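# Observations on the three-dimensional arrangement
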Amino acid sequence: MDIILLGPPGAGKGTQAQRLQAKRGMIQLSTGDMLREAVAKGSPVGLKAKAVMEAGKLVNDAIVSALIGERLDSAAAHGAIFDGFPRTGHQAEALEILLGERGRKIDYVIELAVDEEALVDRITGRFTCANCGAPYHDTFHVPKAAGTCDICGEHEFKRRPDDNEATVRERMAEYRAKTAPILPIYEAKGLVRRVDGMASVDAVAKAIDDILDSPAA
Ligand code: AP5
């Protein structure tokens, strides 16, 4: 099964994708993670993407579609969770072609419906362990011992450069202008399932499980 998680920045796409990966063996394909890796390595893609990401704008369609194409076969066995892709009509078309070439198709588009104002707090407060990547939040999820990762004991943490309020608002504007308009394409195909993304992480995970385990799935 190949599914898309769709929602604005901070809706919980990455959180739910990691849960699905751990539970079902599906593969999370996050273009945001791929681009951050490219930036960290200083690769040609990273050099092109860095300033665009820091401004909260969308990276070129051809670049992100190529990143997905390179990794699609890794998710052939148990399916892919597309996290942050597609984000434009061109990317949606590219994905359909890439999957079609492999005899695959999108089974569900799970829309995480959220309140954008609440998301600004979610995003600007988040940080991760610099060693193992465990996620934390200034208000909602602090380490049990201040300054020490619960999982690996690391003392260094990091924040994304695009997680400041001004950039988050730009990312949300990009979502409204370029990504939300692809929803009707998938709605017309009967693929969209809406989940309340403001519920707890566990409740959102259960709602997604119920969809994927439904008899029609
Ligand atoms: P990307 O990395 O995809 O970022 P994003 O879409 O802005 O999404 P986030 O990672 O910020 O949020 P999320 O929905 O995954 O939420 P999360 O689970 O982390 O993209 C970054 C940039 O890369 C883009 O701006 C663009 O420049 C570029 N890019 C990427 N893909 C591209 C593409 N296809 N085309 C062009 N450019 C592209 O959760 C957020 C926080 O909330 C966490 O702290 C989490 O713990 C918490 N949380 C999650 N769920 C809940 C819940 N139910 N209740 C309470 N807290 C919760």
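Anyway, here's the lowdown on the structure attached to this text. (Residues numbered from 1 in each chain as written. Predicted model: local features only at pLDDT ≥ 70, side-chain atom pairs only at ≥ 80, totals over all residues. Heavy atoms only, no water.)

Turning our attention to the site of the ligand. In the vicinity of the ligand lie 30 residues, with Thr-15, Lys-57, Arg-87, Arg-126 and Arg-171 positioned nearest. In the environment of the ligand, an oxygen atom lies 2.8 Å from a nitrogen or oxygen atom belonging to the backbone of Gly-14. In the model, an oxygen atom of the ligand is placed 2.5 Å from a nitrogen or oxygen of the Thr-15 side chain. In isolation the ligand offers 1000 Å² of accessible surface; the protein chains occlude 90% of this area. Only α1 (13-24) and α2 (31-41) provide two or more residues apiece to the shell around the ligand. No other element matches the 4 residues that α2 contributes to the shell around the ligand. Classifying every residue of the shell around the ligand by side-chain character gives 11 nonpolar, 10 polar and 9 charged. (Near = heavy atom within 4 Å. Polar contact = N/O pair within 3.5 Å; in protein donor to acceptor, adjacent residues only side chain to side chain. Areas by Shrake-Rupley, 256 points an atom, 1.4 Å probe, with all protein chains shown as cover. Helix = DSSP H or I, 4+ residues; strand = E, 2+ residues; numbered from the N terminus. Nonpolar A, V, L, I, M, F, W, Y, C, P; charged D, E, K, R; others polar.)

The subject of this paragraph is the packing of α1 against helix α9 (residues 201-212). In contact at an axis separation of 10 Å, α1 and α9 are set at 55° when each is read in the N-to-C sense. If you check the angle between α1 and α9, you find them oblique. Seen from above, α1 lies across α9 with right-handed handedness. Contacts from Thr-15, Gln-16, Arg-19, Leu-20, Lys-23 and Arg-24 of α1 reach α9 at Val-201, Asp-202, Val-204, Ala-205, Ile-208, Asp-209 and Leu-212. (Axes fitted to C-alpha atoms, helices over the stretch in contact; angles between N-to-C directions. Parallel < 35°, antiparallel > 145°, perpendicular 65-115°, else oblique. Left-handed = near helix turned anticlockwise from the far one by under 90°. Contact = heavy atoms within 4.5 Å.)

Glancing now at the sheet that holds strand β7 (residues 157-158). Spatial strand order, β6-β5-β7: 3 strands in an open sheet with antiparallel pairing. Looking at which strands have only one partner, the edges of the open sheet turn out to be β6 (135-137) and β7. Where strand β5 (residues 126-129) meets β6, 3 bridges bridge the pair, whose relative direction is antiparallel. If you follow Thr-128 over to β6, its bridge partner there is Pro-135. (Pairing = 2+ DSSP bridges.)

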